[in-house]
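# A look at the structure
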Amino acid sequence: MNQQMEKFELANIDTSFWLTRDKTWMDDRKAQWPAIEKVVSDNRRKMDVNVIKQYFLRGKMPKWEKYQGWDDLFRHLDLMHFLWLHPSNDPEVLKQLYIGYMESELIHERDVMLGYGLFLKHEFVMAASSHKSIEEYPFPFMGKKNITLFRVMFEDIVYAKNSICRRVGGQEKFDKKAKNIFECLGYHHFLKMWLWLLQDPQSPLMLNSLYQYDEVVEWCMTTMTTNKSNEFLEDIKPPVGLKEYQKALYCLSHFDTEEEGDTCRTRFVHKIRRILDEREFIPEFKQMWLGVKSGKIEVKDPWKR
């Protein structure tokens, strides 16, 4: 991460991106708020939802000092909401905001960890749901801004880890509080790739899935190949877990790319097949892939959730 960028005080953020004197701009912003309010209100106090609202509408900063000692799980303007609800989609603008947020002493450790956790939950776990319309989707919908935020937040993962490690007070506490966010969910993400292939081809969630981007796939698969835990082995102990992995591997192996045509999913499938064939994984996972691909492992109802 380039830390030579101009630093700024988080309490005095540049608010020129909020065109508060432009009635059309403000009316549009206000019209967006009810949908956003629906997804930020869960588990938050009304006063903290209002903090997010004032930031979204006018760029008003929270009273950071007030929240520094508040150790609640669901907070106010965490990292994800800070970047997502900023009016700009410019990667350079958002990168500068990201660095300023990560470096600021005004920020509580939970603001950063929650921001990362929510981004992964919403854009990987929940976005692979079967919802067809955004109106019925009860989580943030970022559209194409999701890949911009991924690149900003995950471009230099070493920087992110070191920043959080410093905040929480060392490696031991990082391992306890934040390691799972970055390192130990690879196989869980892998199962969501399968569900992406089952989504309606015209669903906005399918069309805006992060799995269509090479750097996202690389990050997800790297967390599998470097994962030294027993995540996969624990997952396949229950019969339902074993069947889910077999279904996922079957769909990746048998997805009809010719019928699909040249789409983001076809390009993804070709890439993931090469990765599964050529890279090293724990033996149990590799053997399952080979068995499913060859037909030695029978898979029932692979195209059903």
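Residues numbered from 1 in each chain as written. Predicted model: local features only at pLDDT ≥ 70, side-chain atom pairs only at ≥ 80, totals over all residues. Heavy atoms only, no water.

## A word on the environment of Lys-30
Along the chain, the position of Lys-30 falls in helix α1 (residues 23-40). Taking the C-alpha atoms as reference, Lys-30 lies 9.5 Å from Lys-53; in sequence the two are 23 residues apart. (Helix = DSSP H or I, 4+ residues; strand = E, 2+ residues; numbered from the N terminus.)

## Regarding helix α2 (residues 46-58)
Between its first and last C-alpha atoms α2 spans 18 Å; for 13 residues at 1.5 Å apiece the expected length is 18 Å, and the two agree. Residues of α2 that are buried include every one of Asp-48, Val-49, Val-51, Ile-52, Tyr-55, Phe-56 and Leu-57, and no others. Contacts made by the buried residues of α2 are with α1, α3 (64-67) and α4 (79-84). Two residues or fewer past α2, Gly-59 is found with a positive phi of approximately 75°. (Expected span 1.5 Å × (residues − 1). Buried < 20%, exposed > 50% of the residue type's maximum accessible area, 1.4 Å probe, protein only. Contact = heavy atoms within 4.5 Å.)

## Focus: the confidence of the model for the protein
With 93% of its residues at a pLDDT of at least 70, the protein reaches an overall mean of 87. Ignoring residues within four places in sequence, the model shows residues 1-7, a span with pLDDT below 50, making 17 contacts including any to other chains. (pLDDT = per-residue confidence, 0-100.)

## Some remarks on the side chain of Lys-145
Inspection of the secondary structure assignment puts Lys-145 in helix α7 (residues 145-154). Buried and without a salt bridge, Lys-145 has Asp-90 as its closest oppositely charged side chain, separated by 11 Å. Each residue touching Lys-145, except ones within four places of it in the same chain, is listed here: Leu-83, Trp-84, His-86, Ser-88, Asn-89 and Leu-94. (Lys, Arg positive; Asp, Glu negative; His and termini not counted. Salt bridge = Lys/Arg side-chain N within 4 Å of Asp/Glu carboxyl O.)

## Re the packing of helix α15 (residues 239-254) against helix α18 (residues 283-294)
Contact geometry for α15 and α18: axes closest at 9 Å, N-to-C directions at 55°. Comparing their axes, α18 and α15 come out oblique. Where α15 crosses over α18, the handedness of that crossing is right-handed. On the side of α15, the interface is formed by Leu-242, Tyr-245, Gln-246, Leu-249, Tyr-250, Ser-253 and His-254, while α18 contributes Phe-285, Met-288, Trp-289, Val-292 and Lys-293. (Axes fitted to C-alpha atoms, helices over the stretch in contact; angles between N-to-C directions. Parallel < 35°, antiparallel > 145°, perpendicular 65-115°, else oblique. Left-handed = near helix turned anticlockwise from the far one by under 90°.)

## Overview of the packing of aromatic side chains
According to the stated counting rule, one finds 25 aromatic pairs in the structure shown. For the pair Trp-33 and Phe-56, a centre-to-centre distance of 6.0 Å together with 35° between the ring planes defines the contact as tilted. Residue Trp-33 is located in helix α1, and its partner Phe-56 is located in helix α2; the two are separated by 23 residues in the primary sequence. As far as burial versus exposure is concerned, Trp-33 and Phe-56 are alike and both buried. A ring pair is formed by Tyr-116 and Phe-154, whose centres lie 5.3 Å apart and whose planes are at 80°; its orientation type is edge-to-face. Here Tyr-116, found in helix α6 (residues 109-125), pairs with Phe-154, found in helix α7; they are 38 residues apart in sequence, far enough to count as distant. Feature note: the residues Tyr-116, Phe-119, Phe-124, Phe-150, Phe-154, Trp-196, Tyr-211, Trp-219 and Phe-268 constitute an aromatic cluster, connected by ring pairs. (Phe/Tyr/Trp six-rings, centres within 6.5 Å; stacked < 30°, edge-to-face > 60°.)

## Concerning the environment of Lys-60
In this structure, Lys-60 sits in the loop between α2 and α3. In this structure Lys-60 comes out as exposed when scored by relative accessible area, which is 55%. A C-alpha to C-alpha distance of 23 Å links Lys-60 and Met-153, two positions 93 residues apart in sequence.

## What about the pattern of salt bridges?
Side-chain pairs of opposite charge can arise whenever the charged atoms involved come near each other. A complete count under the given rule lists 14 salt bridges for this structure. Between Asp-27 and Lys-23 there is a salt bridge, and its shortest N-O distance comes to 2.8 Å. Pair noted here: Asp-27 and Lys-23 are both in helix α1, with a separation of four residues, about one helical turn. A relative accessible area of 61% means that Lys-23 is categorised as exposed.

## Some thoughts on the packing of helix α5 (residues 91-103) against α7
In contact at an axis separation of 10 Å, α5 and α7 are set at 45° when each is read in the N-to-C sense. Classed by the angle they form, the pair α5 and α7 counts as oblique. Here α5 and α7 pass one another in a crossing that is right-handed. Residues Pro-91, Leu-94, Lys-95 and Tyr-98 of α5 lie in contact with α7, whose contacting residues are Lys-145, Thr-148, Leu-149, Val-152 and Met-153. Partitioned by chemical class, the residues of the contact of α5 with α7 number six nonpolar, one polar and two charged. (Nonpolar A, V, L, I, M, F, W, Y, C, P; charged D, E, K, R; others polar.)

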